[in-house]
Amino acid sequence: QVHLVESGGGLVQTGGSLRLSCAASGRTFSSGTMGWFRRAPGKEREFVASIRQSGGTTYYADSVKGRFTISRDNARNTVYLQMNTLKPEDAAVYYCAAGLQDGTSPSLSTSWGQGTQVTVSS
């Protein structure tokens, strides 16, 4: 339904910054609320941040609040995650999601990207 491709991951030192991008194609008009999740080795997938269609409402996990900023450019069908002051605990594969429900929750209708690796060295 919605094809998502993440980019921008990489290796960064503790305290550094990265900006992830998620480009949507296909039925982008139905993307709705979009966001980012991450999965670290040996851990379950966890919510990171999300943004509603209008861009006027955002949600953040407590662990990233104040450091990460989610935004979207609907004209370019792209969602961004600006990550500042990165910590080793932020290292994970980051997945873009489209069609979240209740702001932060994936469902069977949610579309997922392939993921992009973020590595934070300490």
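Residues numbered from 1 in each chain as written. Predicted model: local features only at pLDDT ≥ 70, side-chain atom pairs only at ≥ 80, totals over all residues. Heavy atoms only, no water.

1. Focus: the pairing of strand E8 (residues 78–83)
As a reminder, the rule being used: Categorising residues by exposure relies on relative accessible area from a 1.4 Å probe, with only protein chains included: less than 20% of the type maximum marks a residue as buried, more than 50% marks it as exposed, and the intermediate range marks it as partly exposed. Secondary structure elements follow DSSP: runs of H or I of four or more residues count as helices, runs of E of two or more count as strands, with numbering from the N terminus. Paired strands, as defined in this entry, are two strands with at least two bridges between them according to DSSP.
Summarising burial for E8: five of the six residues are buried, a large majority. Pairing of strand E3 (residues 18–26) with E8 involves six bridges; the strand directions are antiparallel. The residue bridging Ala 23 from the neighbouring strand is Thr 78, located in E8. One ladder, built from six bridges, connects strand E7 (residues 68–73) with E8; its direction is antiparallel. The residue of E8 that forms the bridge with Phe 68 is Met 83. Between the end of E7 and the start of E8, which pair antiparallel, lie four residues, with Asn 77 showing a positive phi angle near 55°.

2. Comments concerning the sheet that holds E8
In plain terms, the rule: Interaxial angles span 0 to 180 degrees and are taken between N-to-C directions of axes, which are lines fitted to C-alpha atoms, for helices over the stretch in contact.
The four strands lie next to each other as E1-E3-E8-E7, forming an open sheet whose pairing is antiparallel. Only two strands of the sheet have a single neighbouring strand rather than two, namely strand E1 (2–7) and E7. Ignoring strand direction, the axes of neighbouring strands in this sheet form an average angle of 15°. Bridge analysis of E1 against E3 gives six bridges, and the strand direction is antiparallel. If you follow His 3 over to E3, its bridge partner there is Ser 25.

3. Describing the side chain of Ser 31
We apply this condition: When checking whether two residues touch, look at their non-hydrogen atoms; a contact exists if any pair is within 4.5 Å.
One can find Ser 31 in the loop between E3 and strand E4 (33–39). Those residues within four positions of Ser 31 in sequence are excluded, and the remaining contacts are Val 2, Ala 24, Gln 53, Arg 72, Ala 98 and Gly 99.

4. Points about the environment of His 3
Structurally, His 3 is set in strand E1. The contacts of His 3, once residues within four sequence positions are left out, are Ala 23, Ala 24 and Ser 25.

5. Overview of the state of the cysteines
Formally, a disulfide is one covalent bond, and it connects the sulfur atom of one cysteine to the sulfur atom of another. Just so we agree on the cut-off: Only a pair of cysteine sulfur atoms within 2.5 Å qualifies as a disulfide here.
Tallied over the full model, the rule gives one disulfide. Here Cys 22 pairs with Cys 96 through a disulfide, and the sulfurs are 2.1 Å apart. Residues Cys 22 and Cys 96 share a disulfide whose torsion about the S-S bond is about -85°; that sign makes it left-handed. Placement of Cys 22 in strand E3 and of Cys 96 in strand E9 (residues 92–100) is noted, with a sequence separation of 74 residues between them. In terms of burial, Cys 22 and Cys 96 fall into one category: buried.

6. A look at the packing of aromatic side chains
Defined as follows: Pairing of aromatic rings covers Phe, Tyr and Trp, the last through its six-membered ring, and needs centres within 6.5 Å; plane angles under 30 degrees mean stacked, over 60 mean edge-to-face, and all others mean tilted.
Taken as a whole, this structure holds two aromatic pairs when the rule is applied. Between the aromatic rings of Phe 37 and Phe 47, the centroid separation amounts to 5.5 Å while the plane-to-plane angle is 75°, which identifies the pairing as edge-to-face. Of this pair, Phe 37 sits in strand E4 while Phe 47 sits in strand E5 (residues 46–51), and the two are 10 residues apart along the sequence. For the residue pair Phe 37 and Phe 47, the accessibility class agrees, reading buried in each case. Each ring, one from Phe 37 and one from Trp 112, has its centre 5.2 Å from the other, and the planes form 65°; the classification is edge-to-face. Separated by 75 residues along the polypeptide, Phe 37 in strand E4 and Trp 112 in strand E10 (residues 111–112) bring together distant segments of the chain. By relative accessible area, which is 28% here, Trp 112 ends up partly exposed.

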